[in-house]
Amino acid sequence: MFRVPSALAAVALATLASLPAPARAAESAQFDLAGPRLHAEVTRGARTLPITQVPSLQAGDRIMLRADLPADQSAHYLLVVAFLRGPTNPPPSDWFFRCDTWTAPCNRRGLSLVVPTEAQQLLVFFAPQTGGDFKTLTSAIQGRPGAFVRAAQGLTQAMLDRLRLEQYLAGVQDLSAHDPARLKDVAPVLARSLAIKVEEKCLDRIPALQAPCLMQGQESLILNDGHGTSMVSTLTSGPASDLAIQAGNTPLMSSGAHLPLIGSLLDIARLLDTFHTAQYQYIPALALPRGDHLALMLNTPPSFHDPKSVLVAAIAAIEAPQPPALHAAEPDRVYCSRRNPLELATQGPPAVFATGFAHDLVLSLTDRHGAAVELPAHPDARHGGFSVDAAGLAGRELDATVTARLHGAWGFDRLEGPAFALAGPAQAALAIAPGEAPDLVIGGTRTVHLAGASLACIDEVRLRDAGGHETPLAWEAGKDRQLAVRVALESAVPGPLTLLVRQHGLEAPQEIALRAYVEPARIEALVLHAGDTGATLRGLHLEQVERVTLDGTPLVLGALATSDGKDELELGSDDAAPLRTLAAGAALHGVALLRDGRELPFRATVAVARPAATLLSQSLERTAGGTVEISLGERGEWPVDARVTFSIRTRWPGRNFRDAAIEIAATDDSFAATLSARDGSVTFQNAGVAIASFVPASAFGSSAFGPLKFRVTLDGTASDWQPLATVVRLPALRGLECPESGAGACQLSGSGLYLLEAISAGPRFTTAVRVPEGYTGSTISVPRPSGGKLYFRLRDDPRAISSASLLLPAAAAAHPAPTPGDADARSVPER
């Protein structure tokens, strides 16, 4: 079921139908009812063509019209043909012709008419036989010719739009049924040729759902083809259609002082009232080409009761010939003369691809011996141009490149098409493009460029691995006579590969040898400072390095670390003397031997000596926490909320330490901070001693914990990392309560008790309470302390033993803890 997507068909022509509810016809312009068939031929000079190949008529053309009605047709139809000469000039009476289709002469011969000199339009009417039928039709047309002129124009455009839509839908349906995988690629080309709107989101769906999506909303698929008006999106639905029908009743519109477009719509709309008589009502019919005849399609069931339905159809415009302009879609493209069929990408109006107006098309060229060759061609919307039967080139010798031109007929007139360049398969072998190597690195997709004299006939490129397995590859021919082949190497293995390039016209493919390698290591730098006994090799894929020599001295491979995609390989030496004695600025030559036997030479320069830093002393200022203060068991433990001060000594020959910074970081690099004189966190006792002060919670965050390291940096040069201290988080203890009887455990209260790992009454932890992980209580049962002192292991530093002195009630203090005898720690439930 199709909808006519033309404004004049969907709105104006719908008003031709004299139905009880005319708005209903305007809302639904479905031309899905089969009407009579009409045979028509046009003769111009000595040549005769079927009407389906004639885009327009001219004065002097002879038209043969004959109705093709069923043999058992019971209703008598009067066939009337009328020529019009514009909206303001009624046609004379001798421009009307009738044929009684129920009579033998009319049934056999039909009508033979000559287009009058001043005729501009032609309309065909099928009217049921009644008294005065011919006179009624003639009078109606002569009385209001402008309305019928608009009807002729609207029906002609509607027919062209319908043919475009039919061909698009038929193409989509055929691809969906036979080759759905190609629908995503072909549908946009088909739509572009026919000026059809395509919803891009439809092409992203799975193949089974693409075709239904592409065919939705047929009313809005037709785009303006540049030669006629198609405004379905604004005039076939909603208020616009109602306005076009109703506006004729307003004083402004009825006065005739209206815009031409609105006036044309209203003129045809008035046909409803003007021609709806007791005898006749008028309904539009589309004359669609079907082979060598026209099939009339109706959007309203005809009536044979009063008022009887008159079918109105336009079969061809009367105007000067306008052969379409055709252009090569890819002017610089060279086509393969051995490909059959030969698809020539061409741009042109959609009527070229939707109708039979372009006919007797050929592609003309000359072979190497001067003989003319003409190859039959026809429009092919699916491929966006013309399809040429190239079988006639079999056995013919052509020049390396030959120019062929498309031409044919547009109705009775000559149609000149564009020129195309044709070439045969490349006789000279393709080769790796200059500047490229056949070596490919495994991983990802690599592009290989092949150079050759002609790439037009490339049909397929495949990759064959060492095991003989072949894989098709994507390729693209560039304008620089290079073939870009994309080779997928994600799962390839090292070894030989072969490209197989197949061309039309050649039986055997050409073989091009390639080789796949694991991506080689790449050395970016060797970092070695004067006085160091080791070096660092930086680069990519350094896991492939098997041995490194530096000025002939073999180095020992150390740890390999990777960060942000970069590798660092530590290097040492069994004899540190050769490295330690190298002076800054010395030029070195090294070689890295890879596991696959390849060697990577590199050069390096000894950098200036790095600074040496030594931790001298440290102190801290505790902030008020809980009621009870915890005494830390190690000097190198820093409460996270304490202010820490430490001093270091540095030795850096030739450099001013006052411009340096101190970097502090967790040993696992989970957090870091930089201290310097610029931010006031570093002061100097003298040129070699610096004093730094900071609060770990402010620098790292209150949740920071664990061992720290430090180093001195200046202008990108840094000393070695050295241990600094351990940041710990402490609970806030409030007090200890023990039973006065001296029996039973005591209760330790406070917040953050989960920061304790174990609690003991003695420093040896022979009897201890282990704090459960995730403990959230504010009190916990602990052993009765001896002398009012408890011992703790912190979760942030369990190797050290901290302690706290707690005051006990006098009665409880009179009962000291028993001598510990159980070496196992015990856990307590949360309270």
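Counting restarts for each chain, with residues numbered from 1 along the sequence as it is written. Two thresholds apply to this predicted model, a pLDDT of at least 70 for residue-level local features and 80 or more for giving and counting side-chain atom pairs, whereas whole-chain, interface and lining totals are computed over all residues. Computation of side-chain values covers all heavy atoms of the structure but excludes hydrogens and water.

## With respect to empty space enclosed by the protein
At step 1: Here a cavity is any set of points on a 1 Å grid over the protein atoms alone where a 1.4 Å probe fits but cannot get out, and a pocket is any open set with protein on both sides within 12 Å along at least 5 of 7 lines; a residue lines the site when it has an atom within 4 Å of a point. Grid points are joined across faces, edges and corners, and a volume is the space filled by probe spheres set on the points. For the structure on display, the rule yields 1 cavity of 30 Å³ or more.
At step 2: If you add up the space inside the largest cavity, you get close to 30 Å³.
At step 3: Every residue lining the largest cavity is listed: R66, A67, L69, T101, C106 and N107.
At step 4: Here a strand is any run of E in DSSP of at least two residues, a helix any run of H or I of at least four, and the numbering for each starts at the N terminus. At the level of secondary structure, the elements contributing two or more residues to the lining of the largest cavity comprise β4 (62-68) and α3 (104-109).
At step 5: Class assignment for the residues of the lining of the largest cavity results in 3 nonpolar, 2 polar and 1 charged. The residue classification treats Ala, Val, Leu, Ile, Met, Phe, Trp, Tyr, Cys and Pro as nonpolar and Asp, Glu, Lys and Arg as charged. All others, Gly included, are polar.

## Re the pairing of strand β20 (residues 413-423)
At step 1: Paired strands, as defined in this entry, are two strands with at least two bridges between them according to DSSP. Examined bridge by bridge, strand β14 (residues 334-336) and β20 share 3 bridges and lie parallel to one another. Pairing of Y335 across the sheet is with L422, part of β20.
At step 2: Both strand β19 (residues 401-410) and β20 contribute to a ladder of 9 bridges, which runs antiparallel. Residue pairing across strands places V402 opposite L422, the latter belonging to β20.
At step 3: Counted along the chain from β19 to the antiparallel partner β20, the turn is 2 residues long, and its residue G411 has a positive phi close to 65 degrees.

## Examining the environment of A67
At step 1: Looking at the secondary structure, you find A67 in strand β4.
At step 2: C-alpha of A67 to C-alpha of L111: the two residues are 44 residues apart in sequence and 9.3 Å apart in space.
At step 3: Residue contacts follow a heavy-atom distance rule, with two residues in contact if any of their heavy atoms lie within 4.5 Å. Once residues lying within four places of it in the same chain are set aside, the contact partners of A67 are R37, L38, L79, T101, N107 and F126.

## Considerations on the confidence of the model for the chain
At step 1: Residue-level confidence of the predictor, termed pLDDT, takes values from 0 up to 100. Here the chain averages 82 in pLDDT, and 84% of its residues register 70 or above.
At step 2: Segment residues 226-274 is flagged for pLDDT under 50; beyond a separation of four residues in sequence, or across chains, it makes 76 contacts in the model.
At step 3: Across residues 810-815, confidence stays below pLDDT 50; counting only partners more than four residues off in sequence or on other chains, it has 9 contacts.

## Some thoughts on the pattern of salt bridges
It is possible for side chains bearing opposite charge to pair when their charged atoms get close.
At step 1: We count a salt bridge whenever a side-chain nitrogen from Lys or Arg sits within 4 Å of a carboxyl oxygen from Asp or Glu. Within the structure shown, the criterion is met by 32 salt bridges.
At step 2: A salt bridge links R462 to E460; its shortest N-O distance comes to 2.8 Å.
At step 3: Throughout, exposure labels follow a simple rule: accessible area from a 1.4 Å probe, protein chains only, divided by the maximum for the residue type, with under 20% read as buried, over 50% as exposed, and the rest as partly exposed. Residue E460 is classed as partly exposed on the basis of its relative accessible area of 24%.
At step 4: Salt-bridge contacts for D797 lead to R799; the nearest nitrogen and oxygen are separated by 3.0 Å.
At step 5: Members of the salt-bridge network, linked through shared partners, are E460, R462, E470 and R502.

## A closer look at the sheet that holds strand β24 (residues 458-464)
At step 1: Read across the open sheet, the 5 strands follow the order β22-β29-β28-β24-β25; overall the sheet is mixed. In this open sheet, the two strands that pair with only one neighbour each are β22 (439-441) and β25 (470-472). When the angles between neighbouring strand axes are averaged without regard to direction, this sheet yields 35 degrees.
At step 2: Alignment of β24 against β25, held across 3 bridges, turns out to be antiparallel. Residue pairing across strands places L463 opposite T471, the latter belonging to β25. Only C-alpha atoms enter the line fits that serve as axes; for helices the fit covers just the stretch in contact. Angles between N-to-C directions range over 0 to 180 degrees.

## Describing the packing of aromatic side chains
At step 1: Stacked, tilted and edge-to-face are the three classes applied to pairs of Phe, Tyr and Trp rings, where Trp contributes its six-membered ring and a pair requires centres within 6.5 Å; stacked means planes under 30 degrees apart, edge-to-face means over 60, and tilted covers the rest. A full pass over the atoms with the stated rule returns 12 aromatic pairs.
At step 2: Arranged with centres 6.1 Å apart and planes meeting at 85 degrees, the rings of F83 and F97 form a pair that is edge-to-face. Taken together, the positions of F83 in strand β5 (residues 77-84) and F97 in strand β6 (residues 96-100) put the pair 14 residues apart, joining distant regions of the chain.
At step 3: Connected via pairs of aromatic rings, a cluster forms that spans W638, F646, F671, F694 and F700.
At step 4: Whether a charge sits over a ring depends on NZ of Lys or CZ of Arg being within 6 Å of the ring centre and within 35 degrees of the ring normal. In this structure, R85 is placed above the aromatic ring of W95, and the distance from its NZ or CZ to the ring centre is 5.1 Å.
At step 5: Between the NZ or CZ atom of K709 and the centre of the ring of W721, over which it lies, the distance is 4.4 Å.

## Structural notes on the sheet that holds strand β33 (residues 553-563)
At step 1: Overall, antiparallel pairing links the 7 strands, which are arranged β30-β31-β34-β33-β32-β35-β36 in an open sheet. At either margin of the open sheet sits one strand with a lone partner, and together these are β30 (522-527) and β36 (599-605). The average angle at which neighbouring strand axes cross in this sheet is 30 degrees, direction not considered.
At step 2: Pairing geometry for strand β35 (residues 587-594) and β36, over 7 bridges, is antiparallel. Each bridged residue has a counterpart across the sheet, and for H589 the counterpart in β36 is R603.

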